Every structure is written in C-alpha cells, then in structure tokens.
Amino acid sequence: MKLLTIIGARPQFIKAAAVSRAFSKIKSINEIIVHTGQHFDKNMSEIFFTEMDIPKPSYNLNINSLNHGAMTGRMLEGIEEIVLKEKADMLMVYGDTNSTIAGALAAKKLHVPVAHVEAGLRSFNMRMPEEVNRILTDRISDLLFCPTDKAIENLTKEGFSYFPSKIVKSGDVMQDAALYYSQKSEKFSNIIATLSLSDFILCTIHRAENTDTKERLNEIINAINEINSIKTVVIPLHPRTRKLISDYGFTLQAKVIDPVGYFDMIELLKKCALVITDSGGLQKEAFFFEKHCVTLRDETEWVELTEGGFNKLAGANCNVIVQSVNEMLKKTSNFSVNLYGGGKSSEIIAEEIANDKAD
Ligand code: UD1
Ligand code: UDP
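If you're wondering where the values come from, they're calculated on a predicted model, not measured in any experiment.

A few words now on the site of ligand 1. Near ligand 1 lie 21 residues; those nearest to it are H39, S65, E130, H206 and R240. With respect to ligand 1, the side chain of S65 contributes an N or O atom lying 2.6 Å from an oxygen atom. Here ligand 1, which alone exposes 750 Å², has 86% of that area covered by the protein. Mapped onto the shell around ligand 1, the elements with two or more residues apiece are α1 (10-23), α3 (68-86), α5 (129-139) and α12 (239-248). When its residues are assigned to classes, the shell around ligand 1 shows 7 nonpolar, 8 polar and 6 charged.

In structure tokens, the structure reads:
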C-alpha cells in the first residue's frame with residue numbers, strides 16, 4: 001500500500017517520527033512523506049528530521065507565511081498534484097493545522113481514503129483555526145485515530161456512528177515519541193549545562209488567540225515577568241510570538257531562547273519545576289514527565305489533565321496566571337495513571353493501516 005503522509009508544522013514532525021518508525025517495520029506499507037513547508041526555520045523543521053531519524057520528505061512544497069486561505073489553498077493544489085502523480089492508496093494527516101485540512105481535502109476529493117491521527121479532539125471554540133481544521137478533517141476522514149475516550153465521545157455526539165468512517169482508539173502518539181526519545185535525549189542535549197539552569201519554569205507561547213490579541217499577550221507577558229522575578233522562566237520562543245512582542249513594543253523579562261530541538265525540549269521538561277504553555281503538545285508532555293502545567297488558554301482539548309488536577313487553565317489574566325503558578329508549584333500528584341495508552345499508539349495505527357479495508 002502506498003501511503004502519503006502530509007506534515008508541515010513542528011508537532012507533526014514529532015508525531016510522524018513515532019508513527020513512521022512503526023510503519024518501517026511493516027513491509028506492506030510504503031510511506032511517502034510530503035512536507036508542506038508550513039514551518040521552515042532550521043530549528044522549527046530540519047532539526048527534527050536530523051535528530052529524530054524521520055525519513056526525508058520526498059516532496060517539500062515550501063508553502064508558508066501566508067494568510068489561512070492562501071496557505072491552505074496553495075497546499076491543496078500542491079498536494080492534489082502529488083496524490084494524482086503517486087496514485088496513493090491512502091493519505092495520512094496529523095493534528096489540526098492548515099497542512100492537516102489541506103491534505104485531507106485534497107485526498108477526499110480524489111476519493112483517496114484519509115486517515116486522521118489525533119481525531120475527535122474539540123475545544124468548542126470555533127474562533128480557533130485549529131478547531132475548524134480538526135472538525136472538517138474528522139468529517140472527511142475514513143479512519144479516525146482517537147487518542148482518548150473523550151475524543152471518541154466527542155465524535156459520537158457529533159453523529160459519527162451514522163457516518164461510514166471507522167473510529168479506532170489508538171492512544172496518543174506523542175507519548176510514544178516522548179518515551180522513545182527520552183532514552184536518547186540526555187546523550188544528545190547539553191541545554192541544561194549550556195544555559196546553567198537549576199531551578200526553572202519552562203514556558204512556551206504561540207497560540208494565535210494569545211499572540212494576535214495585544215491585550216492578552218500583554219497580560220501574559222506581565223505575568224511571566226512577575227513569575228521570572230521569583231523563579232527563572234525559560235522560553236524557547238516561537239517566531240510568531242517573537243515578532244508580535246517586537247511589533248507591540250513589549251519587554252519580556254525571562255530567559256528567552258530560540259526554539260529548540262526535541263532532545264533539548266525533553267531535557268527541559270525532565271528538569272523543570274513546572275510548565276506554563278498554550279501549546280497542545282506541551283500540556284501532555286508535562287504530564288508524561290510528571291510536571292504540573294498551567295495552561296494559558298480558556299479551554300483545553302485535553303480535559304482529562306484538568307479533571308485529574310495535573311493541569312490548570314489560567315486564561316490570559318495576569319493575576320490568575322501568577323496565582324495558578326504559585327498553586328501548581330506547591331502541588332503534588334500521582335502521575336502514574338495511564339491516560340494516553342502508554343506508548344503503543346504508533347503500533348496500533350500501523351497495524352490498522354496495514355489491515356485496512358477502508359474505501
Ligand atoms: C501552526 C498551527 C498551530 C500549531 C503550531 C505549532 C495552523 C493554523 N496553526 O501555528 O495549530 O500549534 O503551528 O507550532 O496551522 N514562522 C517562522 N518560521 C517558521 C515557522 C513559522 O518565521 O519556521 C512564522 C511564519 O512566517 C508565520 C508565523 O510564524 O508568520 C506563524 O506560522 P504559521 O505556520 O502560520 O502558524 P503557527 O503559529 O506556527
Ligand atoms: N517543541 C520543541 N521545541 C520547542 C517548542 C516545542 O521541540 O522549542 C515541541 C514540544 O515538545 C511538542 C511540540 O513541539 O512536542 C509541540 O508543538 P507546538 O507547541 O509548536 O504545537 P501544538 O502542540 O500546540 O500544536
């Protein structure tokens with residue numbers, strides 16, 4: 001079976017690294033990787049391919065830095081050409097980015113079955129581009145790999161039991177990646193020594209809902225500056241956020257560094273006292289590395305983490321963020337609960353694809 005995998009943004013490289021490894025063990029699957037080019041800086045893209053042994057993409061469309069319509073439209077056109085040329089049997093997409101919806105739509109219109117990894121997640125906030133992307137991608141996917149019970153429940157409520165798609169509970173492929181690469185990260189990363197870190201908080205900020213609203217970003221930065229005066233906050237800063245902080249004329253008082261590769265990220269996760277983030281992936285990785293998390297959003301798709309007390313939503317209010325950080329720094333929790341499948345998701349996905357009869 002010829003399988004086209006569409007990836008383009010940082011979290012998709014990490015997810016695809018885990019699943020591609022499982023595909024490589026199945027002879028009947030011939031995976032062809034297409035990079036849309038959505039992320040393109042060396043440390044937002046190339047570093048993951050070299051560090052994590054992800055197969056080199058056969059295509060790179062180099063489509064990035066555009067408005068949503070232009071970006072998605074050009075990707076759609078580029079992916080369609082490749083699906084036709086390669087005569088793909090199936091196309092696989094990950095997550096909820098513009099690369100995800102472009103890939104799914106291109107294949108579906110050509111009657112090529114679509115597999116969606118990370119299906120069924122919902123924030124119920126339709127102002128998020130990711131929510132639009134994931135709802136539409138799920139609806140046109142033939143194989144829906146759900147990371148959690150909640151994801152399956154969301155699809156069921158939306159009527160998916162009446163649709164001719166197949167829902168599979170796979171667990172979360174990010175846990176597979178975290179477990180596998182955490183065995184290697186210490187050997188390949190020097191970040192803790194290079195930055196002379198001992199007691200620190202790890203923070204990432206990149207969501208459009210935070211960066212594109214001046215008031216929200218201002219509140220978040222005020223909170224980080226206050227927290228940093230008590231405990232060092234390390235921020236591998238996404239280029240989107242770096243640009244907007246500069247455009248708005250804000251000052252961020254923290255240990256701001258360029259985005260890092262996955263080995264550095266894992267070492268930061270292992271050694272930090274707490275995670276502050278608006279990232280989807282980081283919320284789960286905090287849990288995998290037994291760290292509490294304060295999430296700079298008003299809602300989360302990963303509700304089992306907030307329900308279990310591992311994660312606290314703080315929105316974008318300075319006082320609430322500072323209070324939440326103080327509270328979570330003092331908290332102890334038992335992280336041994338299995339919420340995401342325990343690292344077997346990639347195998348489940350690869351076997352399902354190999355045996356698939358989807359049409
Ligand atoms: C995208 C995803 C988001 C995901 C995030 C992961 C969508 C709608 N959003 O957001 O769901 O959480 O990726 O990181 O698909 N830029 C660079 N260098 C890069 C990458 C981006 O300078 O390597 C700049 C772009 O030029 C652009 C901005 O950052 O102006 C935003 O990039 P874009 O890919 O549109 O969205 P993200 O914020 O990265
Ligand atoms: N990540 C990384 N380096 C960084 C920031 C993030 O390797 O500088 C990893 C992070 O550990 C996680 C993934 O990128 O595995 C999450 O991506 P991101 O936060 O960009 O996107 P989201 O998960 O919100 O879609």
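The rest of the description comes next.
Here the focus is the packing of aromatic side chains. Inspection of the entire model under this criterion finds 15 aromatic pairs. Aromatic pair F13 and F48: ring centres 6.2 Å apart, planes at 35°, arrangement tilted. One end of the pair, F13, is in helix α1; the other, F48, is in helix α2 (residues 46-52), and 35 residues separate them in sequence. Each member of the pair, F13 together with F48, is buried.

Right, let's get into the side chain of Q12. Within the secondary structure, Q12 is located in helix α1. There is a polar contact of 2.8 Å between the side chain of Q12 and the backbone nitrogen of G8. Sequence-distant contacts of Q12, that is, excluding residues within four places in its chain, are made with I7, Y94, T97, S99 and T100.

To continue, consider the sheet that holds strand β1 (residues 2-7). On the basis of which strands lie adjacent, the open sheet formed by 7 strands has the order β3-β2-β1-β4-β5-β6-β7 and parallel pairing. Looking along the sheet, the strands with just one partner apiece sit at the ends: β3 (59-60) and β7 (166-169). As defined by bridge partners, β1 adjoins strand β2 (residues 30-35) across 6 bridges and the pair is classed as parallel. Directly across from T5, in β2, lies its bridge partner I33.

Scoring rules and cut-offs
Residues numbered from 1 in each chain as written. Chains lettered and ligands numbered in written order. Predicted model: local features only at pLDDT ≥ 70, side-chain atom pairs only at ≥ 80, totals over all residues. Heavy atoms only, no water. Near = heavy atom within 4 Å. Polar contact = N/O pair within 3.5 Å; in protein donor to acceptor, adjacent residues only side chain to side chain. Areas by Shrake-Rupley, 256 points an atom, 1.4 Å probe, with all protein chains shown as cover. Helix = DSSP H or I, 4+ residues; strand = E, 2+ residues; numbered from the N terminus. Nonpolar A, V, L, I, M, F, W, Y, C, P; charged D, E, K, R; others polar. Phe/Tyr/Trp six-rings, centres within 6.5 Å; stacked < 30°, edge-to-face > 60°. Buried < 20%, exposed > 50% of the residue type's maximum accessible area, 1.4 Å probe, protein only. Contact = heavy atoms within 4.5 Å. Pairing = 2+ DSSP bridges.

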